[in-house]
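As a plain string of letters, each chain reads:
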Amino acid sequence: MDNRKSLYSSFKTPFGRLWMINNSAAASAGESSVIKGIIAGGITGGIEICITYPTEFVKTQLQLDEKSSAGGTKQYIGIADCVKKTVKTNGFFGLYRGLSVLLFGSIPKSAVRFGAFESFKNYAVDEKGNLSPQMRVLCGMGAGVCEAIFAVTPMETVKVKFINDTRSANPRFKGFFHGVSSIFKEQGLKGVYQGVTATIVKQGSNQAIRFFVMETCKDYYRGGDPSRHVPKLVVGAFGVVAGAASVFGNNPIDVVKTRMQGLEAAKYSSTHDCFVKILKNEGPTAFYKGTVPRLGRVCLDVSITFMIYDSFMELFNKVWP
């Protein structure tokens, strides 16, 4: 048995030493961190979306705003105009239209994201508990792919349809459950999984960039010592940097994903077709529509998310060793 363990411990895989998988203490600690990550992530997601939703609403409206084939004009001329017209037509809480969709989705999305990251991280850390730069990217990407499949795609598709519905003269959806049931009745399961390819690419690249930047900044601050405390304001500052990097890195994917999930998604035969038509009809700058409101939302989102998540993880580690 000792020889077998020695053999395992001498053989490293991209996800750590094999003997750790069979070590009950390590496995127990790993499972505990994953459960903590899921709970902390879920709570974090619910709090964060209530704070940042209006910027998500405006970003989506601007991305959906395009000239019609009949030569019609755009509905909005910018961020301020979008906010002004929305408040004038539907009141202040019009900026929160579709919040219930995102709230129901943000809790499991954040839970899946952080739970998956903690799970992958358990197998990828070195002897000191640090992640290599390559593992930061891979663990973040894995977390993004998981959340795209299990939470983000259906949530985002329904959210975009709800926001798109507000643009109609006579909105059809009367509430969350009525809207979801209508989508299922008319389009089936496919109706909530439109744009899944673009979403996987978006979330995978999003979290790869964010976790890479965040873990790299934390590691630099700690000087390679994973036990050193990072102040919450510093974590928040790192979150702003990570959020900005992800926005500039994948906004074109976000625009394509939004179009693929809108009520007029049927005019695109595939993700590639959507990309080509946007480029042909609107030019390359169209891929950066909604960048400014998305930048504000994402930087605030990532900053708040990591501060809240780190706070809950520290609390859980104290009361739940």
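Just above sits the structure.
Structure report, in brief. What you see is a predicted model; the values in this text were computed from it and never measured.

**Overview of the overall build of the protein**
Inference 1: Counting its secondary structure elements, the protein contains 11 helices and 2 strands.
Inference 2: Each helix and strand of the protein, ordered N terminal to C terminal, gives the series α-β-β-α-α-α-α-α-α-α-α-α-α.
Inference 3: Burial status across the protein gives 48% buried among its 321 residues.
Inference 4: Across the protein, contacts joining residues at least 24 apart in sequence account for 76% of those joining residues at least 6 apart.
Inference 5: Working note: accessible area of the protein is about 15600 Å², and carbon and sulfur atoms make up 65% of it.

**Re helix H4 (residues 79–90)**
Inference 1: In a regular helix each residue adds 1.5 Å, so 12 residues correspond to 16 Å; H4 covers 16 Å between its end C-alpha atoms and thus fits that length.
Inference 2: Downstream of H4 by one or two residues, Gly-91 has phi in the positive range, about 80 degrees.

**Here's the deal with the side chain of Asp-301**
Inference 1: For Asp-301, the position within the fold is in helix H11 (residues 291–319).
Inference 2: The exposure class of Asp-301 is buried, given its relative accessible area of 8%.
Inference 3: Asp-301 has contacts with Glu-48 and Thr-52, leaving out every residue within four places of it along the chain.

**A short note on the packing of aromatic side chains**
The geometry of an aromatic ring pair is captured by the separation of the ring centres together with the interplanar angle, meaning the angle of the planes.
Inference 1: Under the counting rule described, the total for this entry stands at 12 aromatic pairs.
Inference 2: Centroid distance Phe-117 to Phe-211: 4.0 Å. Interplanar angle 10 degrees. Geometry classified as stacked. Pair noted here: Phe-117 is in helix H5 (residues 99–124) and Phe-211 is in helix H8 (residues 196–222), with a separation of 94 residues, a long-range link.
Inference 3: Classification of Phe-117 as buried rests on a relative accessible area of 3%.
Inference 4: With centroids separated by 6.1 Å and ring planes inclined at 45 degrees, the aromatic side chains of Phe-312 and Phe-316 adopt a geometry described as tilted.

**Looking at the nonpolar core**
Inference 1: Counting residues in each nonpolar core, the largest one holds 26 residues, and the members touching the most others are Phe-117, Leu-131, Phe-211 and Phe-306.
Inference 2: Secondary structure elements with two or more residues in this core: H5, helix H6 (133–165), H8, helix H9 (232–261) and H11.
Inference 3: Sort the elements by how many residues they give to this core and H11 lands first, with 6 residues.
Inference 4: In contact with Phe-117, other than residues within four places in its own chain, are Leu-131, Cys-139, Gly-140, Ala-143, Phe-211 and Glu-215.
Inference 5: Counting residues in each nonpolar core, the second largest holds 12 residues, with Tyr-53, Val-58, Leu-99 and Met-155 among its members.

**Here's the deal with H5**
Inference 1: Look at H5: 36 Å from first C-alpha to last across 26 residues, which is about the 38 Å you get at 1.5 Å a residue.
Inference 2: Where H5 bends most, the angle comes to about 30 degrees, and this point is Ser-106, followed within four residues by the proline Pro-108.

**Here's the deal with the environment of Ile-163**
Inference 1: Topologically, Ile-163 is positioned in helix H6.
Inference 2: For Ile-163 and Gly-262, which are 99 residues apart along the polypeptide, the C-alpha to C-alpha distance reads 8.7 Å.

**As for the pattern of salt bridges**
Inference 1: Within the structure shown, the criterion is met by 15 salt bridges.
Inference 2: Between Glu-186 and Arg-172 there is a salt bridge; the shortest N-O distance is 2.9 Å. Taken together, the positions of Glu-186 in helix H7 (residues 176–187) and Arg-172 in the loop between H6 and H7 put the pair 14 residues apart, joining distant regions of the chain.
Inference 3: With a closest N to O distance of 2.9 Å, Asp-254 and Lys-202 form a salt bridge. One end of the pair, Asp-254, is in helix H9; the other, Lys-202, is in helix H8, with 52 residues separating them in the sequence. The two residues Asp-254 and Lys-202 agree in class, both being buried.
Inference 4: Several salt bridges share partner residues, and in doing so they unite Glu-56, Lys-59, Lys-202, Asp-254, Lys-257 and Arg-294 into one network.

Parameters and conventions
- Residues numbered from 1 in each chain as written.
- Predicted model: local features only at pLDDT ≥ 70, side-chain atom pairs only at ≥ 80, totals over all residues.
- Heavy atoms only, no water.
- Helix = DSSP H or I, 4+ residues; strand = E, 2+ residues; numbered from the N terminus.
- Buried < 20%, exposed > 50% of the residue type's maximum accessible area, 1.4 Å probe, protein only.
- Contact = heavy atoms within 4.5 Å.
- Areas by Shrake-Rupley, 256 points an atom, 1.4 Å probe, with all protein chains shown as cover.
- Expected span 1.5 Å × (residues − 1).
- Phe/Tyr/Trp six-rings, centres within 6.5 Å; stacked < 30°, edge-to-face > 60°.
- Core = buried A, V, L, I, M, F, W, Y, C linked by side-chain atoms within 4.5 Å.
- Bend = angle between axes of the 7 residues up to and from the residue.
- Salt bridge = Lys/Arg side-chain N within 4 Å of Asp/Glu carboxyl O.

Note that every value here comes from positions in space, so none of it alone points to a role or purpose.
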